[in-house]
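This is what each chain is made of:
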Amino acid sequence: PVAIPNDEPSDMSSCCQYVVSRNGIVLPWQQIHQQYRGVDVDDDDNCDRSNQLVNDNYNNNNIDNDSKPLDSNKLLQLLPRGAYTTCRTVKGGSHIYQFDYHVRRLANSAKSILLELQSASSSSSSSVGGRGKEVQDDSNEDKDSEATLLATSSNHPIQHDRTLSTFEINQLHITNVAWEHNMALKCIRNTLREFRICYGLRLQNEEGGCDDEDEKAEFKITLLATWEKKGPPNDIKSHTTYESVLYCHVGLLKQKKVSTTTASLTREPPHTRVLIHGHGRENALAKDSKWVLDREKLIKPSTTEDNRREDDEGGTQKEASQQPFEEIILINDNGELLEGTQTNFYVVSGGQNQQQPSSVITANEGILYGSVRDSVLRACRHHNIPVKLRPPTLQDLKDASGVFISSTSRWVMPVHEVCLGDLMSFQNDDDGEEEESGESIEKKKKRDGKSYFYGNCETTEDIRRWVLEDVESRSTPI
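In this text the structure is predicted, and so the values were computed from the model without any measurement.

Asks: A description of the overall build of the protein chain should follow, citing residues and the corresponding values.
Replies: Scanning the protein chain from N- to C-terminus turns up 14 helices and 18 strands. Going through the 478 residues of the protein chain one by one, you find that 52% of them count as buried. Long-range pairs, those at least 24 residues apart, make up 77% of the contacts in the protein chain with a sequence separation of at least 6.

Okay, structure coming up:
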């Protein structure tokens, strides 16, 4: 059985307080629901099958109100597939951390997704062309149907009607960094302004002189770069050309675990657990909204017959699924650790009571380069901490003096327990023969499997402080 991550208070926004915009124009939630809720379902139509998936998504998420605001995860599962990024505000909602970094990644991800779809279409066309003469006699309608099938083959609920041509891709602006930059600022400003009006929040002044905690609120901002057909909203068949679209979703960012001030470093950190489970994403360099759905499969209990049988033999699936894991850590085929579903992952080697000086180990391939990871690597370079850009191994976990994860909402978060999960199959038979007593033994046998435990790590705390200091110089005024 797979345990889901913790409730993630550091990543979640206040309940039902969300605003969304499209190319800078704030949209009523009723319009989102009406436009993307599936209607007429016909098994012979690829697009309508996609609509059926949308209906199922509404049912699975208990969305029964046509005007109910949606959190960013649910929204990304309803909107057309595209490139997305999640950034955050700092300094009382007046600045965006690593804004330029997010914009560049958004444009590059959009280009990668478009080329990936185009490549898949070309490969399929080549294989179809070799079947025989009858293929050449197919009508254009059949070819369009094939393209539609390619575009809807992903498990993302809403797919584009067909793969774009090279000419159409070149007409889109979502791969252009300058366009993304200007449109993103416009979207964020308008959406944040509407959020403050809707929910009665005021912008913190430059002197930081507001006493109300709500007025010091920070925001979680999700941007989705995609493409949609032009034309009347209710007349899909008349749409013939495509336009670049940037959706912006804003919600409050709770900060129960990690503060943006260095004063928070004096507080005792919580016991943070992570679970090693699942393999890395298909195209890690592109932040594809398809990943939001793929991620859900990793963090939710399976409903297969095998797992139901395990429930009968070794406890209920529900009980197992409620273990408070902060994050799921993904591995590659060699059992090396890549990244979390929403974070980057690091192992600290040496330092403290060990003979060698401190160094940091983190994967450089098969991962998404996070904005906070960029700050972590910069801080390590500035303070002469060696960084080994390779995926950490099981042996690295055994020898580690510390482990931490990073994301835009967690900043740098120390990890105190790593549950091996899927990594258990990569262990040697004699790995568990060591004694379980004595202060020098860091690993313990647990009833639900093996875990490695870590105390406070001075190097992790130093990096955490340096990253928070880096926020000041890496923030863009809104």
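Asks: Which residues make up the pattern of salt bridges, and what are the values?
Replies: It is possible for side chains of opposite charge to pair when their charged atoms get near one another. Within this structure, the stated rule accounts for 17 salt bridges. Across the pair Lys 290 and Asp 294 runs a salt bridge whose closest N-O atoms are separated by 2.8 Å. In this pair, Lys 290 and Asp 294 are both assigned in helix H9 (residues 290-299), four residues apart and thus about one turn of the helix distant. The exposure classification of Lys 290 matches that of Asp 294, with both residues buried. Arg 378 is the partner of Asp 470 in a salt bridge, and the nearest nitrogen-oxygen pair spans 2.8 Å. Note that Asp 470 is positioned in helix H14 (residues 458-473) and Arg 378 in helix H12 (residues 371-382), a separation of 92 residues in sequence. Here Asp 470 matches Arg 378 in class, with each residue buried.

Asks: Lay out the sheet that holds strand E2 (residues 25-27) in plain terms, naming residues and giving numbers.
Replies: With antiparallel pairing, seven strands are arranged side by side in an open sheet as E2-E1-E6-E5-E3-E4-E18. Both edges of this open sheet fall to E2 and strand E18 (475-477), since each of them pairs with a single strand only. Shown here is a sheet whose adjacent strand axes are inclined to one another by a mean of 30 degrees, direction ignored. In this sheet, strand E5 (residues 218-229) lies alongside strand E3 (residues 83-90) in antiparallel orientation, the contact comprising six bridges. Bridge pairing links Thr 85 to Leu 223 in E5. Packed on one face of the sheet, helix H1 (residues 29-36) meets strand E1 (18-22), E2, E5 and strand E6 (242-253) and runs near 65 degrees to E1.

Asks: Mind laying out the pairing of strand E11 (residues 359-362), listing which residues take part and the relevant values?
Replies: A two-sided burial pattern is seen for E11, the buried positions comprising Ser 359 and Ile 361 on one face and Val 360 and Thr 362 on the other. In the sheet, strand E10 (residues 344-349) pairs with E11 via three bridges, with the strands oriented antiparallel. Looking at the pairing, Val 348 lines up with Val 360 of E11. As defined by bridge partners, E11 adjoins strand E12 (residues 387-389) across three bridges and the pair is classed as parallel. Looking across to E12, one finds that Ile 361 is bridged to Lys 388. Where the polypeptide runs from E11 across H12 and back to E12, its parallel neighbour, the crossover connection is right-handed.

Asks: Before we move on, could you go through the packing of aromatic side chains and cite the residues and values that matter?
Replies: Using the criterion set out here, one finds four aromatic pairs in the structure. When the centroid spacing of 5.4 Å and the interplanar angle of 80 degrees are considered together, the rings of Phe 195 and Phe 219 count as edge-to-face. Here the residue Phe 195 occupies a position in helix H8 (residues 177-199), and Phe 219 occupies one in strand E5, the gap between them amounting to 24 residues. Classification of Phe 195 by relative accessible area gives buried; the value is 0%. Pairing Tyr 346 with Phe 404 gives two aromatic rings, centres 4.3 Å apart and planes at 10 degrees, and the pair type is stacked. Residue Tyr 346 is located in strand E10, and its partner Phe 404 is located in strand E13 (residues 402-407); the two are separated by 58 residues in the primary sequence. The two residues Tyr 346 and Phe 404 agree in class, both being buried. Taken together, Phe 195, Tyr 199 and Phe 219 form an aromatic cluster joined through their ring pairs.

Asks: Kindly report on H8, identifying the contributing residues and their values.
Replies: Here H8 is 23 residues long and its end C-alpha atoms lie 32 Å apart, about the 33 Å a rise of 1.5 Å per residue gives. For H8, every residue scored as buried is listed here: Trp 179, Glu 180, Met 183, Ala 184, Leu 185, Cys 187, Ile 188, Thr 191, Leu 192, Phe 195 and Arg 196. Capping of H8 at its N-terminal end is provided by Asn 176; its side-chain oxygen lies 2.9 Å from the backbone amide nitrogen of Ala 178. Phi for Gly 200, located one or two positions after H8, is positive at around 70 degrees.

Asks: Lay out the nonpolar core in plain terms, naming residues and giving numbers.
Replies: Among the nonpolar cores identified, the biggest contains 36 residues, and Ile 174, Ile 188, Phe 219, Ile 221, Leu 223, Trp 227 and Leu 246 are the most heavily contacted of them. For this core, the elements supplying multiple residues, two or more each, are E3, helix H4 (99-129), H8, E5 and E6. Per element, the largest residue contribution to this core is eight residues, and it comes from H8. Among the nonpolar cores identified, the runner-up in size contains 24 residues, and Ile 32, Leu 75, Leu 298 and Phe 325 belong to it.

Asks: Describe in detail unusual backbone geometry, supporting the description with residues and values.
Replies: In the Ramachandran plot, Lys 91 falls in the positive-phi region, its phi being about 60 degrees despite a non-glycine side chain. A relative accessible area of 31% places Lys 91 in the partly exposed class. In this model, Trp 411 sits at a positive phi of 55 degrees, which is unusual for a non-glycine residue. Checked against the element boundaries, Trp 411 lands in strand E14 (residues 411-415).

Asks: Quick rundown of H14? Include the residues and the values.
Replies: Here H14 contains 16 residues, and its C-alpha end-to-end distance of 24 Å stays within 8% of the 22 Å for a straight helix at 1.5 Å per residue. Of all the residues in H14, the buried ones are Thr 459, Thr 460, Ile 463, Arg 464, Trp 466, Val 467, Leu 468, Asp 470 and Val 471.

Asks: Tell me what's going on with the side chain of Thr 89, and back it up with residues and numbers.
Replies: Within the secondary structure layout, Thr 89 lies in strand E3. Looking at Thr 89, its side chain comes within polar contact range of the side chain of Glu 218, at 2.7 Å. Of the polar contacts made by the side chain of Thr 89, one reaches the backbone nitrogen of Phe 219; its length is 2.7 Å. Look past the residues within four positions of Thr 89 in its chain and what remains in contact with it is His 95, Ile 96, Leu 192, Glu 218, Phe 219, Ile 221 and Ile 478.

Rules behind the numbers
Residues numbered from 1 in each chain as written. Predicted model: local features only at pLDDT ≥ 70, side-chain atom pairs only at ≥ 80, totals over all residues. Heavy atoms only, no water. Helix = DSSP H or I, 4+ residues; strand = E, 2+ residues; numbered from the N terminus. Buried < 20%, exposed > 50% of the residue type's maximum accessible area, 1.4 Å probe, protein only. Contact = heavy atoms within 4.5 Å. Salt bridge = Lys/Arg side-chain N within 4 Å of Asp/Glu carboxyl O. Pairing = 2+ DSSP bridges. Axes fitted to C-alpha atoms, helices over the stretch in contact; angles between N-to-C directions. Right-handed = clockwise from strand over helix to strand, strands pointing away. Phe/Tyr/Trp six-rings, centres within 6.5 Å; stacked < 30°, edge-to-face > 60°. Expected span 1.5 Å × (residues − 1). Polar contact = N/O pair within 3.5 Å; in protein donor to acceptor, adjacent residues only side chain to side chain. Core = buried A, V, L, I, M, F, W, Y, C linked by side-chain atoms within 4.5 Å.

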